[in-house]
Amino acid sequence: MDEARQIVNDIQKGNIKPIYFLMGEEAYYIDKISDFIEENILSEEERGFNQMLIYGRDTSIDEVVSNAKRYPMMAERQVVILKEAQDLSRSIEKLVDYAENPQPTTVLVICYKYKKIDKRKKLYKSIDKSGVIFEGKRLYENQVGDWITRNLKSRGYSISPKASQMLVEFLGTDLGKIDNELEKLQLICKPGTTITPEIIEENIGISKDFNNFELRKAIGEKDSLKAHRIVNYFSQNPKDNPMVVTISLLFSYFSQILQYHGLNDKSKGVVAKQLKVSPYFVSDYVSAARNYPMKKVSHAISLLQETDVKSKGVGATNIAQGDLLKELIVKIMN
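Residues numbered from 1 in each chain as written. Predicted model: local features only at pLDDT ≥ 70, side-chain atom pairs only at ≥ 80, totals over all residues. Heavy atoms only, no water.

**Q** Describe the sheet that holds strand β4 (residues 106-113), and please don't skip the residues or the numbers.
**A** The parallel open sheet is built from five strands, whose spatial order is β2-β3-β4-β1-β5. Every other strand in the sheet has two partners, leaving β2 (51-55) and β5 (132-135) as the edge strands with one partner each. Across the sheet, the mean angle from the axis of one strand to that of its neighbour is 10 degrees, orientation sign disregarded. Relative to β4, strand β3 (residues 78-83) is paired through five bridges, and the arrangement is parallel. Note on β4: the bridge partner recorded for Ile81 is Val109. Along the sheet face, helix α1 (residues 2-12) touches β1 (19-24) and β5 and points at about 150 degrees away from the line of β5. (Pairing = 2+ DSSP bridges. Helix = DSSP H or I, 4+ residues; strand = E, 2+ residues; numbered from the N terminus. Axes fitted to C-alpha atoms, helices over the stretch in contact; angles between N-to-C directions. Contact = heavy atoms within 4.5 Å.)

Here it is, written out as structure tokens:
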């Protein structure tokens, strides 16, 4: 995020490079930087003759280079944006000659999503010398909550920890998807609003009471009634609550509890750092560790692995996934 902001700030100050190679697993900032360049380097009048948008599947590296070597018409520079450049991954190294001697009046933007070029290769070194290389790294699940908080703060909003966790569990780590939902909330809520679980439930459709976050908490607290209510809800709404996701999240949860048991220093800051969770949720793990000694945690992990295999049809034919989940929760909590 800081690196992307620095690129934008440099462009705003007039420090514009001839090549921007935007790559990596996380496409969100690749799109943001590319869109900023597309909308801000040239004036509206200049774009008609001097801005070109091309796609990897419809072109070749030779054509890209040919366009990049053109001179601008009645403008200081031209902008050439190559979208979906990963479709040219087999021939991307052919950009080396151009990268070594780029056209100074061209801004060539290459959006190379979900992949990256080898830092040891000549292309990387050439672009790094003459232009800018940005790598969008996918955030870990425990980092996305902080990203949501910072993103909303920059827009004049705040969000409760539980609401943030609901978004992460429902939408995963895809920043583009999350940002789309945050933009919807902005249209509904006035600046200064704190986004709560109730707002999330009402406007995005994620249940504040029946979700994997609440299921984990109920299991950790050994609240059997609440856990079974959530599992029943999941059984009735399997498309919105796939079993594979629930098992995966519970496996991660019990792995974290196991890790907690192994810590010598159980202070709040250390636990948050080692378990990669928000300090706000540390007390939940402390409580769960009391209810599940190391032996029970190991047993729960074994049950989760067994149920995962059964859910894929091995040794448990014609058993509804909802019934498998109910059986799993009973065995874990007993």
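**Q** Help me get a handle on helix α7 (residues 141-154), residues and values and all.
**A** Given a rise of 1.5 Å per residue, 14 residues ought to cover 20 Å, and the 21 Å separating the end C-alpha atoms of α7 matches this to within 8%. Along α7, the residues classified as buried are Val144, Gly145, Trp147, Ile148, Asn151 and Leu152. The arc enclosing the buried residues of α7, seen along the axis, measures out at 165 degrees, which places them on a common side. Exposed residues pointing more than 90 degrees away from the buried face of α7 are listed as Lys153 and Ser154. In this structure, the buried residues of α7 make contact with α2 (28-40), β6 (158-159), α8 (161-171), α9 (175-188) and β7 (194-195). Two residues or fewer after α7 comes Gly156, characterised by a positive phi angle close to 90 degrees. (Expected span 1.5 Å × (residues − 1). Buried < 20%, exposed > 50% of the residue type's maximum accessible area, 1.4 Å probe, protein only. Arc of directions from axis to C-beta.)

**Q** Describe the side chain of Thr307, with residues and values.
**A** By the secondary structure assignment, Thr307 is in helix α16 (residues 294-311). Setting aside chain neighbours within four positions, we find Thr307 in contact with Met243, Ile247, Leu324 and Leu328.

**Q** An account of the nonpolar core is requested, with residue identities and associated values reported.
**A** In this structure, Tyr20, Ile37, Ile148, Leu167, Ile195 and Ile200 are the most contacted members of the largest nonpolar core, which totals 42 residues. Counting residues per element, this core draws most heavily on α2, which supplies six residues. In this structure, this core is formed jointly by two domains, domain 1 (1-135) and domain 2 (141-204), each of which donates at least three residues. Those residues in contact with Tyr20 that sit more than four places away from it in its chain are Ile7, Ile11, Asn15, Ile37, Val107, Leu108, Val109, Ile110 and Val132. Among the nonpolar cores identified, the runner-up in size contains 37 residues, and Ala272, Tyr285, Ala288 and Ile329 belong to it. (Core = buried A, V, L, I, M, F, W, Y, C linked by side-chain atoms within 4.5 Å. Domains from an automatic or database assignment.)

**Q** Which residues make up the pairing of β5, and what values go with them?
**A** Consecutive side chains of a regular strand alternate in pointing toward one face of the sheet and then the other. Side chains Val132 and Phe134 project from β5 onto one buried face, and the interleaved Ile133 and Glu135 project onto a second face that is buried too. Relative to β5, β1 is paired through four bridges, and the arrangement is parallel. If you follow Phe21 over to β5, its bridge partner there is Ile133.

**Q** Residue-level account of the packing of helix α11 (residues 212-220) against helix α13 (residues 243-261), with values.
**A** Relative orientation of the contacting elements α11 and α13 amounts to 45 degrees, with a least axis distance of 10 Å. Between α11 and α13, the crossing angle belongs to the class labelled oblique. Where α11 crosses over α13, the two elements pack in a sense that is right-handed. Counting all contacts with α11, which are made through Asn212, Leu215, Arg216, Ile219 and Gly220, the residues of α13 involved are Val245, Thr246, Leu249, Leu250, Tyr253 and Phe254. Residues that form the contact of α11 with α13 fall into these classes: seven nonpolar, three polar and one charged. (Parallel < 35°, antiparallel > 145°, perpendicular 65-115°, else oblique. Left-handed = near helix turned anticlockwise from the far one by under 90°. Nonpolar A, V, L, I, M, F, W, Y, C, P; charged D, E, K, R; others polar.)

**Q** Help me get a handle on a nonpolar patch on the surface, residues and values and all.
**A** A grouping of Phe49, Met73 and Met74 is seen on the molecular surface, where their side chains present a nonpolar patch of about 380 Å² in accessible area. Looking at the element boundaries, Phe49 is found in helix α3 (residues 44-50). By relative accessible area, Phe49 is classed as exposed at 51%. (Patch = residues over 30% accessible without salt bridge, like charges linked within 9 Å, V, L, I, M, F, W, Y side chains within 5 Å. Areas by Shrake-Rupley, 256 points an atom, 1.4 Å probe, with all protein chains shown as cover. Salt bridge = Lys/Arg side-chain N within 4 Å of Asp/Glu carboxyl O.)

**Q** A description of the UniProt feature "domain: DNA polymerase III delta N-terminal" (unreviewed entry) in the protein should follow, citing residues and the corresponding values.
**A** When the UniProt feature table is mapped onto this chain numbering, "domain: DNA polymerase III delta N-terminal" (unreviewed entry) sits at residues 20-135. In residues 20-135, the share of helix is 36% and the share of strand is 24%. The end C-alpha atoms are 11 Å apart. (UniProt positions renumbered as here; feature names shortened; annotations may be inferred.)

**Q** Which residues make up the environment of Lys310, and what values do they have?
**A** On the secondary structure map, Lys310 appears in helix α16. With a relative accessible area of 21%, Lys310 lands in the partly exposed category. Counting along the chain gives 251 residues from Lys310 to Thr59, while the straight-line C-alpha distance between them is 47 Å.

**Q** Could you give an account of unusual backbone geometry, with specific residues and numbers?
**A** With the exception of glycine, the majority of residues adopt a negative phi angle, and the majority of peptide bonds are in the trans configuration. Its identity is not glycine, yet Met74 carries a phi of approximately 55 degrees, on the positive side. Following the sequence through the fold, Met74 ends up in the loop between α4 (61-68) and β3. Accessibility expressed as a relative area gives 73% for Met74, which makes it exposed. You will see that Lys222, though not glycine, has its phi angle at about 55 degrees, which is positive. Relative to the helices and strands, Lys222 is located in the loop between α11 and α12 (224-236).

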